[in-house]
Amino acid sequence: MDNLENVKADIVLDTRGLSCPMPILRLKKEMKTTEPGKIVEVWSTDPGSKKDMPDFAKKQGDEFLGYVDEAGYTRYLIKKGG
Amino acid sequence: MEKTSLRSQIGKEIKRGYHFIFIRDMPLWVAGIGIGILAILIFLWRYPWGISSGYGNWGNQLYYYLGIGKLAGLAEAPLTPWIHPVSVMNLAMIFGATGASMMKGQFSTYLAPPREYVKGFIGGALMGIGSSFANGCIEGGFYTAVGVFSTGGFMMMIGLALGSILGVKYLIWEMLNWPVKIPTQKPLDCKKTPWINWCKVYPYIGGGIYILICLSFYVYSAFDKTVVGGMAFFGLWVGFFMQRSRFCLQRTFRNPFMTGDYEMVKAVILSLIIYSAGSAVIKYGFFQPETHGIDHRFWMGSLLGGGIFGLGMVIAGACASSGLWRAGEGNTKVWLAIVGFCTVYPFTKNAVKSTALGPFLGKGVYLVDVLTWTWTPVFYLAFFLAWYFLAVYNEKTEKFVISL
């Protein structure tokens, strides 16, 4: 996950403070209008997101690039599939 | 050559075992098996597993010591929370989740936006009302009810699905029309607290919690409360399996309508196959009376209660069981849901028990009395297969997924 630090996201979605299922629901809404190939970065404080985000991306046919732990929250990077 | 003394080998094995049990991600199906086996043990130990009466005990304390015990039908002081068996089990589930999340490095207490706390309280209160109607929460009223052949479990399942649809519709409406604002304050970081780096201390506290609760069994035994000590022990490991795998009964009913995901459906079906097979042996073999656990209000209570509970759990973001482990890992919104549940449940439970509402909502019906031991296993097989295939079909087609 080292090189993820330098990945530039096209859209940043802040869901910090929200718990399950809102981070996934907000990501689902965002992905609906995101163009294929664009990268969405989700900020979440919910510990469940570490499992939910990759599972959801896989199910939707998107690419889960990985996550980066920050001070008190985690950044998740997802590339919209074609 | 690598050092291979007995001491170094034991040390390596302990480290490997610790990592395997407490750090490595646990698949949901493993938790499904673990919880199914624990549910059978709890049934043999005392009575089929339930959660809501533990919440009821906490609420009863509030009613009694505020001097309004009559509203909850209390004639005398309730058992203290550290003696009431279900309360003890619930507390052990919370601490089991706290310990597990601390060892895994997942423990974090973060503040939610104010409206989320209001939703937590209202959702918890709805769960309290639903549990009173069904005479059990999603755990006792659905999971255990199905596990011990109480027909109310199947009715509550329908109610839970309908309530979840309403709840998901509300969350989508809120997100599109009245979105919760994200707080601007920085989240808490356990590495940057003054004096101590809590992130480094947490695993030791977590391990300490596990040792203490296991030892508490002996303390309870010393005071002639062995049964209560066993409940603490079982609660600890239920909390462990649930937190480590994020086993959330709410997800079973919510996610098929939200994303189509059916991973929890598979885990719950697996768990219920184990639980129901075990309880069939227990009941058929007369190890415990057949009537144990057949107290769910069939059919109106289970259906209505399931609906109200389902709506509440989706709004609160946790059900009765996942509320305990999520509260344990630091989710502050869920703490308010527990307060909401405890505040409302004693009153509504008493109202159902002491008015005409009780008979109207129904009474426990034992499925084996209706279908006999010949047809009950056939019915269960058909039920599990139908549920599984419906969930798979929905995942592939998103037929029942509520669109944004």
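Everything below is about the structure printed above this text.
Residues numbered from 1 in each chain as written. Chains lettered and ligands numbered in written order. Predicted model: local features only at pLDDT ≥ 70, side-chain atom pairs only at ≥ 80, totals over all residues. Heavy atoms only, no water.

Chemist: Any chance you could explain the overall build of chain B here in plain terms?
Modeler: Within chain B one finds 16 helices and 0 strands. Taken against the 2.2 N^0.38 rule, which gives 22 Å for 404 residues, the C-alpha radius of gyration of chain B at 22 Å falls within 12% of a compact globule. Across its three principal directions, the C-alpha atoms of chain B cover 70 × 55 × 55 Å. Burial analysis of chain B (404 residues in total) assigns 55% to the buried set. Contacts in chain B between residues far apart in sequence, at least 24 positions, make up 81% of those at least 6 positions apart. For chain B, the accessible surface area stands at approximately 18,200 Å², while carbon and sulfur atoms represent 71% of it. Between the averaged position of the 32 positive side-chain charges in chain B and that of its 17 negative side-chain charges there is a distance of 6 Å. (Helix = DSSP H or I, 4+ residues; strand = E, 2+ residues; numbered from the N terminus. Rg over C-alpha atoms; globule rule 2.2 N^0.38 Å. Buried < 20%, exposed > 50% of the residue type's maximum accessible area, 1.4 Å probe, protein only. Contact = heavy atoms within 4.5 Å. Areas by Shrake-Rupley, 256 points an atom, 1.4 Å probe, with all protein chains shown as cover. Lys, Arg positive; Asp, Glu negative; His and termini not counted. Charge placed at Lys NZ, Arg CZ, Asp CG, Glu CD.)

Chemist: Looking at this model, I keep getting lost on the pairing of strand S1 (residues 11-14) of chain A. Mind explaining?
Modeler: Strand residues, when the strand is regular, have side chains that alternate between the two faces of the sheet. Residues and elements named next belong to chain A. Where S1 and strand S2 (residues 39-44) come together, 4 bridges link them in parallel fashion. Looking at S2, one finds that Ile11 is bridged to Val40. Crossover connection from S1 via helix H1 (residues 22-32) to parallel S2: handedness right-handed. (Pairing = 2+ DSSP bridges. Right-handed = clockwise from strand over helix to strand, strands pointing away.)

Chemist: Before we go on, may I ask you to explain the interface of chain B and chain A in this structure?
Modeler: Quite often, the size of an interface is put as the accessible area lost when its parts meet. Chain B puts 38 residues into the contact, and the matching count from chain A is 28 residues. Connecting chain B to chain A are 2 salt bridges. With a shortest N-O distance of 3.2 Å, Lys51 of chain A and Glu263 of chain B are connected by a salt bridge. The interface formed by chain B and chain A contains 6 residue pairs in polar contact (both at pLDDT 80 or more). When contributions to the side of chain B that touches chain A are tallied by element, the ones reaching two or more residues are helix H7 (152-177) and helix H10 (249-258) of chain B. Per element, the largest residue contribution to the side of chain B that touches chain A is 4 residues, and it comes from H7 of chain B. (Salt bridge = Lys/Arg side-chain N within 4 Å of Asp/Glu carboxyl O. Polar contact = N/O pair within 3.5 Å; in protein donor to acceptor, adjacent residues only side chain to side chain.)

Chemist: So what exactly am I meant to see when it comes to the packing of aromatic side chains here?
Modeler: Aromatic ring pairs are described here by two measures, namely the spacing of the ring centres and the angle between the planes. Here the structure, examined in full by the defined rule, presents 40 aromatic pairs over all chains. Ring centres of Tyr67 of chain A and Tyr76 of chain A lie 5.9 Å apart, and the angle between their planes is 50 degrees; this geometry places the pair in the tilted category. When the ring of Phe149 of chain B is compared with that of Trp373 of chain B, the centres are 5.5 Å apart and the planes differ by 85 degrees; the resulting orientation is edge-to-face. One end of the pair, Phe149 of chain B, is in the loop between helix H6 (138-147) and H7; the other, Trp373 of chain B, is in helix H16 (residues 367-397), with 224 residues separating them in the sequence. Residue classification places Phe149 of chain B among the buried positions, given a relative accessible area of 4%. By way of ring pairs, the aromatic residues Tyr18, Phe22, Trp45, Tyr210, Phe217, Tyr218, Phe233, Phe234, Trp237, Phe240 and Phe241 of chain B are connected into one cluster. Residue placement shows Arg16 of chain A over the ring face of Tyr73 of chain A; its charged tip is 4.5 Å from the ring centre. Positioned over the ring face of Trp178 of chain B is Arg115 of chain B, at 3.5 Å from the centre of the ring. (Phe/Tyr/Trp six-rings, centres within 6.5 Å; stacked < 30°, edge-to-face > 60°. Lys NZ or Arg CZ within 6 Å of the ring centre and 35° of its normal.)

Chemist: How should the environment of Pro179 of chain B be read in this particular structure?
Modeler: For Pro179 of chain B, the position within the fold is in the loop between H7 and helix H8 (198-222). For the pair Pro179 of chain B and Gln250 of chain B, spaced 71 residues apart in the sequence, the C-alpha separation amounts to 22 Å. Excluding its chain neighbours within four sequence positions, the residues that come into contact with Pro179 of chain B are Arg26 of chain A together with Arg115 and Glu174 of chain B.

Chemist: Could you clarify how one ought to interpret the nonpolar core in this entry?
Modeler: The nonpolar side chains of soluble globular proteins are, as a tendency, buried together. One finds Trp49, Phe142, Phe247 and Phe309 of chain B to be the most contacted residues of the largest nonpolar core, which totals 111 residues. Listed in part, the 5 residues of the second largest apolar core include Ala9, Ile39, Val68 and Leu77 of chain A. (Core = buried A, V, L, I, M, F, W, Y, C linked by side-chain atoms within 4.5 Å.)

Chemist: Just to check I follow, could you spell out helix H9 (residues 226-245) of chain B for this structure?
Modeler: Note that an α-helix has 3.6 residues per turn; residues three or four places apart therefore point the same way. Residues and elements named next belong to chain B. The terminal C-alpha atoms of H9 lie 29 Å apart, and with 20 residues this matches the ideal 28 Å at 1.5 Å per residue to within 8%. Most of H9 sits out of view: 16 of its 20 residues are buried. Arg246, located one to two residues past H9, shows a positive phi value of around 60 degrees. (Expected span 1.5 Å × (residues − 1).)

Chemist: What's the story with a nonpolar patch on the surface in this structure? I'm lost.
Modeler: Residue and element names in this part refer to chain B. Side chains of Ile37, Leu41, Leu44, Val281 and Phe287 sit close together on the surface and give an oily, nonpolar patch of about 470 Å² of accessible area. Relative to the elements of secondary structure, Leu44 occurs in helix H2 (residues 28-45). You can call Leu44 partly exposed: its relative accessible area is 41%. (Patch = residues over 30% accessible without salt bridge, like charges linked within 9 Å, V, L, I, M, F, W, Y side chains within 5 Å.)

Chemist: Explanation requested: unusual backbone geometry in the structure shown.
Modeler: Outside of glycine, negative phi angles account for most residues, and trans bonds account for most peptide bonds. Along the chain, Cys20 of chain A connects to Pro21 of chain A via a cis peptide bond; the corresponding omega equals 10 degrees. Inspection of the secondary structure assignment puts Pro21 of chain A in the loop between S1 and H1. Put simply, Phe298 of chain B and Trp299 of chain B share a cis peptide bond, and its omega is 10 degrees. Here Trp299 of chain B shows up in the loop between helix H11 (263-284) and helix H12 (300-316). The backbone of Phe286 of chain B sits at a positive phi, close to 60 degrees, despite the residue not being glycine. For Phe286 of chain B, the location among the structural elements is in the loop between H11 and H12.

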